[in-house]
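# Coordinates in review
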Amino acid sequence: MTYTEDEVVGLLLAAGGGRRLGGRPKALLTYRGRPLVEHAVGVLRAAGCTRVHVVLGAAADAVREAARLEEEGCEVVENPEWEEGMGTSLRCGLDSVTGTGAQAALVSLVDQPGIGAEAAARVRAAFRGEETLAAAAYDGVRGHPVLFGAAHWAGVAASATGDQGARTYLRARESAITLVECGDVARPYDIDTPADLARLE
């Protein structure tokens, strides 16, 4: 069976306020001359996601102004509860893709610029239908991006709390997850502290 490109929607979580970065919203960090959120959207597009939903929170108006999101055809969703943690952004994002006809969501994080299109495309290629659960792995350790078939969206949303995101849901279903090794093409570091900013050069 073949699948159309529209069946897997990209879902970018970009709402964080960068508390450990002195309150600099991660979406607005500069990477290769443009806001980091633009780079992250480009990764999902290059991986084959023709539709991308972006969840904003901290400084959402400034992000909209600085980054070409709507102009690039992104569906921008604002999470008013972003300060409560990534779980609220995941819930907000999954709610936005529900009812769009997509059968899976490829979820990525804005603060992982070391994960490029090749890794994202590998995980996207693991899609087999609405029951799919797949994730990138780095030397066998599960990481991002993560592919959630639509059959899992309600369960993921129900379990997403604080900064845990989908961790609890995935931990309970380890045996059902297709791990896609990406350690040869990507580095899964986060931009969390001022010391990490050197990785954006």
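Note that the structure is a prediction, hence the values are computed from the model and not measured.

Before going further, it helps to spend a moment on the sheet that holds strand S9 (residues 178-181). With mixed pairing, the seven strands of this open sheet are ordered in space as S5-S4-S1-S6-S8-S7-S9. Of all strands in the sheet, those with a lone pairing partner are strand S5 (75-78) and S9, marking the two edges. When strand polarity is set aside, the average angle formed by the axes of neighbouring strands in this sheet is 25°. Sheet topology places strand S7 (residues 133-138) next to S9; four bridges connect them, and they run parallel. Bridging across to S9, Ala136 finds its partner in Val180. Sheet contacts for helix H1 (residues 36-46): strand S1 (8-14), strand S4 (52-56) and strand S6 (104-109); angle to S1, the most-contacted strand, approximately 160°.

Below, the discussion takes up the pairing of S1. Within S1, seven of the seven residues are buried, which leaves the element mostly enclosed by the surrounding structure. Along S1, one buried face is formed by Val8, Gly10, Leu12 and Ala14 and the opposite face, lined by Val9, Leu11 and Leu13, is buried too. Sheet analysis places S1 next to S6, joined by six bridges and oriented parallel. What sits directly across from Leu13, in S6, is Leu109. Judged from the five bridges that link them, S1 and S4 form a sheet pairing that is parallel. Residue Leu11 lies in a different strand from S4, and its bridge partner there is His53.

So, on to the environment of Thr161. Within the fold, Thr161 resides in the loop between helix H5 (153-159) and helix H6 (167-171). Judged by relative accessible area, which is 46%, Thr161 ranks as partly exposed. Between the C-alpha atoms of Thr161 and Glu70, which are 91 residues apart in sequence, the distance is 28 Å. In this structure Thr161 touches Gly87 and Arg91, once residues within four positions along its chain are discounted.

What counts as what
Residues numbered from 1 in each chain as written. Predicted model: local features only at pLDDT ≥ 70, side-chain atom pairs only at ≥ 80, totals over all residues. Heavy atoms only, no water. Pairing = 2+ DSSP bridges. Helix = DSSP H or I, 4+ residues; strand = E, 2+ residues; numbered from the N terminus. Axes fitted to C-alpha atoms, helices over the stretch in contact; angles between N-to-C directions. Contact = heavy atoms within 4.5 Å. Buried < 20%, exposed > 50% of the residue type's maximum accessible area, 1.4 Å probe, protein only.

This is a description of form; function is not addressed.
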